[in-house]
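These are the residues of each chain, in order.
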Amino acid sequence: MRGLAVAAIALTSVLTMAACAKDTGGNNTGSGSTNTAGGCKLADKPPAATATSSSAASGEKVDGSALKVGLAYDIGGRGDASFNDSAAAGLDKAKADFGIAEVKELTAAPNEPEDAKQTRLRQLASEGFNPIIGVGFAYAESLKVVAPEFPNVKFAIVDGAVEGAANVTPLLFAEEQGSFLAGVIAAYKSKACHIGFVGGVEIPLIQKFDAGYAQGAKTAAPDIKIETKYLTPAGDFTGFQDPTKGQEAATGQIEAGADVLYHAAGASGKGVFSAAKTGNALAIGVDSDQYNQKTVEESKDVIVSSMLKRVDVAVYDFVKAVAKNDLASLPKVFDLSVDGVGYSTSGGKTDDNLKAVLEGYKAQIIAGKIKVESTP
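Residues numbered from 1 in each chain as written. Predicted model: local features only at pLDDT ≥ 70, side-chain atom pairs only at ≥ 80, totals over all residues. Heavy atoms only, no water.

*Asks:* Explain unusual backbone geometry to me, and be specific about the residues and the numbers.
*Replies:* Residue Asn130 is joined to Pro131 through a cis peptide bond whose omega torsion reads 15 degrees. With respect to the helices, strands and loops of the structure, Pro131 is situated in the loop between helix 3 (114–126) and strand 5 (132–135). (Helix = DSSP H or I, 4+ residues; strand = E, 2+ residues; numbered from the N terminus.)

*Asks:* Any details on the packing of aromatic side chains? Residues and values, ideally.
*Replies:* Counted by the stated rule, this structure contains 9 aromatic pairs. Here Phe98 and Tyr316 contribute two aromatic rings whose centre-to-centre distance is 4.8 Å and whose plane-to-plane angle is 40 degrees, an arrangement assigned as tilted. On the criterion of sequence distance, the pair formed by Phe98 in helix 2 (residues 83–98) and Tyr316 in helix 9 (residues 311–324) is long-range, its members being 218 residues apart. Exposure class is identical for Phe98 and Tyr316. Each is buried. (Phe/Tyr/Trp six-rings, centres within 6.5 Å; stacked < 30°, edge-to-face > 60°. Buried < 20%, exposed > 50% of the residue type's maximum accessible area, 1.4 Å probe, protein only.)

*Asks:* Provide a residue-level description of the sheet that holds strand 10 (residues 260–264), including the pertinent values.
*Replies:* Two strands in a sheet stick together by hydrogen bonds in their backbones, pointing the same way (parallel) or opposite ways (antiparallel). Ordered in space as 9-8-10-11-12-13, the 6 strands form an open sheet in which the pairing is mixed. One side of each edge strand has no neighbouring strand; the edge strands of this open sheet are strand 9 (225–233) and strand 13 (341–343). Ignoring strand direction, the axes of neighbouring strands in this sheet form an average angle of 15 degrees. By the bridge criterion, 3 bridges tie strand 12 (residues 303–309) to strand 13 in an arrangement that is antiparallel. Its bridge partner lying in strand 13, Leu308 is registered against Gly342. (Pairing = 2+ DSSP bridges. Axes fitted to C-alpha atoms, helices over the stretch in contact; angles between N-to-C directions.)

*Asks:* I'd like to hear about the sheet that holds strand 4 (residues 102–107), residue by residue, with values.
*Replies:* Pairing is parallel in the open sheet, where 5 strands are placed in the order 4-3-5-6-7. The two strands at the open ends of the sheet, each matched to only one other strand, are strand 4 and strand 7 (168–171). Averaged over all adjacent pairs, the angle separating strand axes in this sheet is 15 degrees, with direction ignored. Alignment of strand 5 against strand 6 (residues 155–158), held across 4 bridges, turns out to be parallel. Within the sheet, the bridge partner assigned to Gly134 lies in strand 6 and is Ile157. Relative to strand 3 (residues 68–73), helix 2 is tilted by about 175 degrees, and along the sheet it contacts strand 3, strand 4, strand 5 and strand 6. (Contact = heavy atoms within 4.5 Å.)

*Asks:* Give me the pairing of strand 5: which residues, what numbers.
*Replies:* Alternating positions in strand 5 separate into two faces, Ile132 and Gly134 on one and Ile133 and Val135 on the other, with burial throughout. Pairing of strand 3 with strand 5, which is carried by 3 bridges, proceeds in the parallel orientation. Bridge pairing in strand 5 places Gly70 opposite Ile132. Crossover connection from strand 5 via helix 4 (residues 140–146) to parallel strand 6: handedness right-handed. (Right-handed = clockwise from strand over helix to strand, strands pointing away.)

*Asks:* Please provide a residue-by-residue account of the side chain of Ser346, values included.
*Replies:* By the secondary structure assignment, Ser346 is in the loop between strand 13 and helix 10 (352–366). The buried category is assigned to Ser346, whose relative accessible area is 18%. Separated by 2.5 Å, the side chains of Ser346 and Asp289 make a polar contact. Here the side chain of Ser346 touches Asn292 through a polar contact of 3.1 Å, side chain to side chain. Beyond its immediate sequence surroundings of up to four residues, Ser346 is in contact with Asp289, Tyr291, Asn292 and Val304. (Polar contact = N/O pair within 3.5 Å; in protein donor to acceptor, adjacent residues only side chain to side chain.)

*Asks:* Please set out the state of the cysteines residue by residue, giving values where relevant.
*Replies:* Applying the stated criterion to the full structure yields 1 disulfide. The disulfide partner of Cys40 is Cys193, and the S-S distance across this bridge is 2.1 Å. Here the disulfide of Cys40 and Cys193 is right-handed, its torsion about the S-S bond being about 115 degrees. Taken together, the residues Cys40 in the loop between strand 1 (34–35) and strand 2 (41–42) and Cys193 in the loop between helix 5 (175–189) and strand 8 (194–202) connect sequence positions 153 residues apart. Cys193 matches Cys40 in its accessibility class, with the two residues each being buried. (Disulfide = S-S within 2.5 Å.)

*Asks:* Lay out the environment of Thr228 in plain terms, naming residues and giving numbers.
*Replies:* Here Thr228 shows up in strand 9. Expressed as a C-alpha distance, the spacing of Thr228 and Tyr262, which sit 34 residues apart in the sequence, is 9.7 Å. Not counting residues up to four positions away in its chain, the partners in contact with Thr228 are Phe197, Asp210 and Gln253.

*Asks:* Describe the nonpolar core, with residues and values.
*Replies:* Membership of the largest hydrophobic core comes to 92 residues, with the highest contact counts inside it found for Ile133, Phe155, Ile206, Phe209 and Tyr262. Excluding residues that lie within four positions of it along the chain, Tyr262 makes contacts with Ser179, Ala182, Gly196, Phe197, Val198, Phe209, Tyr213, Ile284, Gly285, Val286 and Met307. With 19 residues, the next largest nonpolar core counts Ala81, Ala258, Ala275 and Val302 among its residues. (Core = buried A, V, L, I, M, F, W, Y, C linked by side-chain atoms within 4.5 Å.)

All quantities given are derived from atomic positions and should not be read as evidence of function.
Pasting the structure below:
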């Protein structure tokens, strides 16, 4: 009986320690910090965001019936479930809302020569399309050449600018700010306190996603471990259209211990989602609300959120501004303050407590209390 009693006491002690370890995620709690079950030791939550009245749509009627809008996609085009699809959504909404007469869409090929982009832009301008939007910084060099040839055509470029070209409007984003919030989500959702980032091509634009994600994750959980992998080096843009490479990179990160992955890899992100589903991990999408994208529907159950880069809003607002002849109304950067970037809640995996944390960090960024870095 005495032996049984000692064994019972020992068992109770083991169970108690196990329960404590589960509650704290195996980490020592510091003063003022909170913990997810089995996850990171989290930093103090940010102050709650002050409630603000959102600006309601004005219901303003805009007539775009005289416009013929041209859209020159980056590689992947409509159907990439990411960057290009977001632009397509903005064009579709503008067409419906403003009664646009005609639209034409053309798509870039991987690693095509520069003159192919020039030809694409010239084709649209010669056929009377105005305005014309180049979707992606890759059109910058071509617009330097083509825009002066058509001074009466209003061009725009997503993620780029053309110095000295008065008829080219830059549509720029604070990707690092939205990615900061993606990093916070990853930190709160990781059970291993170990996350990953998969970038399509190692260029300054994608490094903005990388930098913001890492800063957000480490702000929320200073001890978090982050795996980082770029699919191709600068100059090789196939990294945005290679799901197999995306899957291989993500699988490697999962095998290294990461259990939440964020990608900024265009169509290659489909492979990241597949790896997450196979590897029992979670994923964060990019650009569009990827939980609702048909082309990645088979992986939607692992998509916890997406960093929204509102290319759709920028395209829509640019077309609207052209129809109103009021380009000065556009913001210089589509950032958190104008909902140019943000995060999605589709699928219900970001509960009210996490949303309160995200809104708190968002408010601090908008107020300038947190400066998000744009380089890793």
